[in-house]
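Okay, here's what each chain looks like letter by letter:
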Amino acid sequence: MNPIIPNIGYLIIIIGTFVVRYPYQKRNKANKIERNEKDSIEKFTLALVFLGMMIIPLVFILTDILNFANYNLPFPWRAIGLLIIFPTLWLFYRSHKDLGLNWSVSLEIREKHTIIDQGVYKYIRHPMYSSIWLWTIAQILLLNNYIAGLSGIISFGILYFLRVNREEKMMIETFGRSYQNYISRTKRIIPFLY
Ligand code: SAH
């Protein structure tokens, strides 16, 4: 497969996720932040993800400087990478839509925060992170380069594992039993599994 096609596929993920998120980012500014846990770990890992999933891939797509670290996956793997774009963008869109005014890029509780346990949140507690895990898998399959392909799963993996327990602790401290009950009936990332 001509690398231009997987490269365009990756750009579609970047543009698609931006288009989905932008209106929520704008609208949610009106919903004041009541509790803010965006500390230096959060700021550092968010910057790392920006580097690993946006900057490094764009450097790989637009220049030749990372080409020394290329690998070459057979066609079917790249085609699977292209197919993964659809569930990635769909789940990213659905989780933003279901979370609505409660969405934040970091660990924050809004003034009118409510627990969402319907829509995709009925099946898993972190569908947005599931969609980003899918994105990191697509990145490996589409960008055949040890640096630009793996920088997503490494940077998002660090953010996810440093964040997810803290996020659930913050939700329990804010919503008590209701969030604990929600935990007992759902998995985190993959329905019925994890
Ligand atoms: N972890 C979720 C949400 C990511 S956005 C997901 O992957 O889909 C992060 C913010 O969402 C957190 O700061 C928290 O305030 C909020 N949040 C997480 N789960 C929530 C839920 N079930 N209901 C309402 N808000 C939630």
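As the structure is a prediction and not an experimental result, all values here were calculated from the model.

Analysis parameters
Residues numbered from 1 in each chain as written. Predicted model: local features only at pLDDT ≥ 70, side-chain atom pairs only at ≥ 80, totals over all residues. Heavy atoms only, no water. Salt bridge = Lys/Arg side-chain N within 4 Å of Asp/Glu carboxyl O. Helix = DSSP H or I, 4+ residues; strand = E, 2+ residues; numbered from the N terminus. Buried < 20%, exposed > 50% of the residue type's maximum accessible area, 1.4 Å probe, protein only. Near = heavy atom within 4 Å. Polar contact = N/O pair within 3.5 Å; in protein donor to acceptor, adjacent residues only side chain to side chain. Areas by Shrake-Rupley, 256 points an atom, 1.4 Å probe, with all protein chains shown as cover. Phe/Tyr/Trp six-rings, centres within 6.5 Å; stacked < 30°, edge-to-face > 60°.

> Can you help me understand the pattern of salt bridges in this one?
Side chains that differ in charge, positive against negative, can pair when their charged atoms come close. Considering all chains together, one arrives at ten salt bridges under this definition. In this structure, Arg166 and Asp39 form a salt bridge, with 2.9 Å as the shortest nitrogen-oxygen distance. Taken as a pair, Arg166 in helix H5 (residues 146-175) and Asp39 in the loop between strand S1 (33-36) and helix H2 (40-62) lie far apart in primary sequence, 127 residues in all. The salt bridge involving Glu173 is made with Lys169; its shortest N-O contact spans 3.1 Å. In this pair, Glu173 and Lys169 both sit in helix H5, four residues apart, roughly one turn of the helix. Given the relative accessible area of 44%, Glu173 is considered partly exposed. Of the residues examined, Lys169 reaches a relative accessible area of 53% and is grouped as exposed.

> Looking at this structure, I do not really get the site of the ligand. What am I missing?
Taken together, 22 residues lie near the ligand, and Ser106, Glu108, Tyr121, His126 and Glu167 sit nearest. A distance of 2.6 Å separates an oxygen atom of the ligand from a polar backbone atom of Glu108. One nitrogen or oxygen atom from the main chain of Pro127 is found 3.4 Å from an oxygen atom belonging to the ligand. For the ligand, whose unbound accessible area comes to 550 Å², protein coverage reaches 100%. Of all the secondary-structure elements, those providing two or more residues to the shell around the ligand are strand S2 (108-110), helix H4 (127-142) and H5.

> Looking at this structure, how should I read the packing of aromatic side chains?
Under the counting rule described, the total for this entry stands at ten aromatic pairs. Where Tyr129 meets Tyr160, the ring centres are 5.9 Å apart and the plane angle is 85°; that geometry is what we call edge-to-face. With Tyr129 in helix H4 and Tyr160 in helix H5, this pair connects stretches of sequence that are 31 residues apart. The interplanar angle of 40° and the centroid separation of 6.2 Å between the aromatic rings of Phe156 and Tyr160 together place this pair among those described as tilted. With Phe156 and Tyr160 both in helix H5 and four residues apart, this pair spans about one turn of that helix. Accessibility classification places Phe156 together with Tyr160 in one group, the buried group.

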